[in-house]
Every structure is written in C-alpha cells, then in structure tokens.
Amino acid sequence: PLVSMKEMLEKAKAEGYAVGQFNLNNLEFTQAILQAAQEENSPVILGVSEGAARYMGGFKTVVAMVKALMEDYNVTVPVAIHLDHGSSFESCAKAIHAGFTSVMIDASHHPFEENIAITSKVVELAHYHGVSVEAELGTVGGQEDDVVADGVIYADADECVELVNRTGIDCLAPALGSVHGPYKGEPNLGFKEMEEIGNRTGLPLVLHGGTGIPTKDIQKAISLGTAKINVNTENQIASAKTVREVLAAKPNEYDPRKYLGPARDSIRETVKGKIREFGSSGKA
Ligand code: G3H
Ligand code: ZN
C-alpha cells in the first residue's frame, strides 16, 4: 500500500534497520525499485526531486505512474512517494495535493527562524493530509539537480532540538558531512553529533548522500538512530554503465527496450543490495 514514512521509520528505528529512499528518474527506475522492494519484502521510499518530477512530466504523472505500477506488479509492501529536497511551501503543497504521501522541506539554507516558519507551515498542511514531513539542518555537500552546496556545514544539535520541538516534523536530516554524488576519498561523517542529535530529538534520522558510504559507516549510522538512507547516484551509475556496455557490444541497436531493459535489471540488483545492507529485507 501507499503510506506515509511515519510508521515505516518509527518501526525501523525501534528495530534497528534503515529504510532506503531510492530516487526516481524515469519509468525504468520506478519499475526496478518497486520490483526490488517486493522481491526483498521490504518497505521502500520513492524519492522524487523537483527536477526529476519536472523531467517525468510533473507530480501528478509521478503519482499516477507509481499507483498504476503498484497495481500491475501486485506490490504489497509499504511504499511512500516522497518529495526530495522540496524547495518551498508551494512546492510541498503541490506535491501533497497531487497525492505524495511524504515531503521533505529543505529550508536549511534560510536563516534559522525562517526555516522554522516555513517548515511549520508545511507540517500543518502535510499532517492535515496524513502526509509525513522531513526537514534538514546544515548543508549536504556536492550537487543534486537544483540543490548545490559550496561548503559542507554541520547541523547544530541545539538548533535540531529546537526545530523538532517547534515544528512537529516526523524525521530529521542533520547534515553531518555527507555529500550528494561520489565522495572525494572516504566520507567523514560526524557520528558524535549524530548520536547526540538522535538522542536529544528522539526522531528517526535521515542520511543523505548514501552513495559511496562504506558498510561499516552505514551500520554505525543505523546504530545511532539513522532510519532512512537516501541513494540516487549509485543507481544512476549502474544504469549508465549497463547502457554503455549494451551499446558498445551492439553498436547498431536502436530499440530502447534492448538497452533500458538491461539498465532496469542492474538498477533492481543495486537496490536489492542496498536493501540488504540497510537491513530492511523481510520487514514489510
Ligand atoms: O536526496 C537524495 C540523496 O541524498 C542521494 O544522494 O545521489 O549521493 O546517493 P546520492
Ligand atoms: Zn539529498
């Protein structure tokens, strides 16, 4: 069924695993991620950035595609459609009214009081509709679509506690050194801060920039209260690699199903690997 992230993440936090957010880029990504979650009997979060939604047609197209695929594929595991890095109240409102079951309001680049004001407005509308809300503090490094950071700023624990208490969000993404896209060298995550923020807020934490984080760091993050891990680039790399291989082996191929089909299979296998790594297999 289509559900919000709330129960999914509270269960994950209580039982010591993380639910993967895998980003949609097109039909094949959506198929692959739903297949992987169903085969692993795992809950799953479909992340949709504003740029990806624009690419696919819009929020309504995304919701219709996901709902139809869930029927055609007989998907029975819990699925959330989540706006990733929502840039404004208006964008979150549009996603909610189109049928998204979860939104992230990324007002972390605004001054703190403004972040609180915008996030509170989103929470009020979202909760009225049974939709869950993720908010962010600090800055995730790297670049993802429209979200560009020029420096990594760590989230401040006192601000995290205040944001949570004053807004009523359902989960929190404190930026603690993670990066969108590939890491330059080993990631250096702020585990001490993660532990403090997890304990003091009591909320499930979200780890952005899941591509390229070693398994031992994933496990440590989960043990410190991380209940949602976002992955996009790793699936994009797997898909592009397969397309390149197929077209290199068959330079005269032109039927998109002949190269996007295998790309879809490699996304599915990548997602299954992540689901196992995050410990959510069999938790549907
Ligand atoms: O919001 C989406 C993610 O944080 C994805 O990060 O592309 O580095 O896996 P990634
Ligand atoms: Zn992110």
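Residues numbered from 1 in each chain as written. Chains lettered and ligands numbered in written order. Predicted model: local features only at pLDDT ≥ 70, side-chain atom pairs only at ≥ 80, totals over all residues.

1. Topic: the pairing of strand S3 (residues 79-86)
Regular strands place side chains that alternate from one sheet face to the opposite one.
Next up, step 1: Where burial is concerned, most of S3 is hidden: eight out of the eight residues are buried.
Next up, step 2: Pairing of strand S2 (residues 44-49) with S3, which is carried by six bridges, proceeds in the parallel orientation. Paired with Leu 46 across the bridge in S3 is Ile 81.
Next up, step 3: Where S3 meets strand S4 (residues 102-105), three bridges bridge the pair, whose relative direction is parallel. Across the sheet, Gly 86 pairs through a bridge with Ile 105, a residue of S4. (Buried ≥ 20, exposed ≤ 12 C-beta atoms within 10 Å, placed from the backbone. Helix = DSSP H or I, 4+ residues; strand = E, 2+ residues; numbered from the N terminus. Pairing = 2+ DSSP bridges.)

2. What to know about the confidence of the model for the protein
Next up, step 1: Within the protein, residue pLDDT values average 96, and 97% of them lie at 70 or more.
Next up, step 2: As a predicted assembly, this complex carries a pTM of 0.97 together with an ipTM value of 0.98. (pLDDT = per-residue confidence, 0-100.)

3. Some thoughts on the nonpolar core
Next up, step 1: The biggest cluster of nonpolar side chains holds 77 residues, and the ones touching the most others in it are Ile 33, Leu 46, Val 103, Ile 105, Leu 172 and Leu 205.
Next up, step 2: Here this core gets six residues from one element, more than from any other, and that element is helix H2 (residues 27-40). (Core = buried A, V, L, I, M, F, W, Y, C linked by C-beta atoms within 7 Å.)

4. Describing the packing of H2 against helix H4 (residues 59-72)
Packed helix pairs are characterised by how far apart their axes lie and by the angle those axes make with each other.
Next up, step 1: Where H2 contacts H4, the two axes come as close as 11 Å, and the packing angle between them is 40 degrees. On the basis of the axis angle, H2 is oblique to H4. The two elements H2 and H4 cross, and the hand of that crossing is right-handed. On H4, the residues that touch Leu 27, Thr 30, Gln 31 and Leu 34 of H2 are Met 65, Val 66, Leu 69 and Met 70.
Next up, step 2: Looking at the contact of H2 with H4, its residues break down into six nonpolar, two polar and no charged. (Axes fitted to C-alpha atoms, helices over the stretch in contact; angles between N-to-C directions. Parallel < 35°, antiparallel > 145°, perpendicular 65-115°, else oblique. Left-handed = near helix turned anticlockwise from the far one by under 90°. Contact = placed C-beta atoms within 7 Å. Nonpolar A, V, L, I, M, F, W, Y, C, P; charged D, E, K, R; others polar.)

5. Structural notes on the site of ligand 1
Next up, step 1: Near ligand 1 you find 16 residues, and of these His 208, Thr 211, Asn 230, Asn 232 and Thr 233 are the closest.
Next up, step 2: Elements represented by at least two residues in the shell around ligand 1 include exactly S3, strand S11 (226-231) and helix H10 (233-249).
Next up, step 3: By residue class, the composition of the shell around ligand 1 is one nonpolar, 12 polar and three charged. (Near = placed C-beta within 6 Å.)

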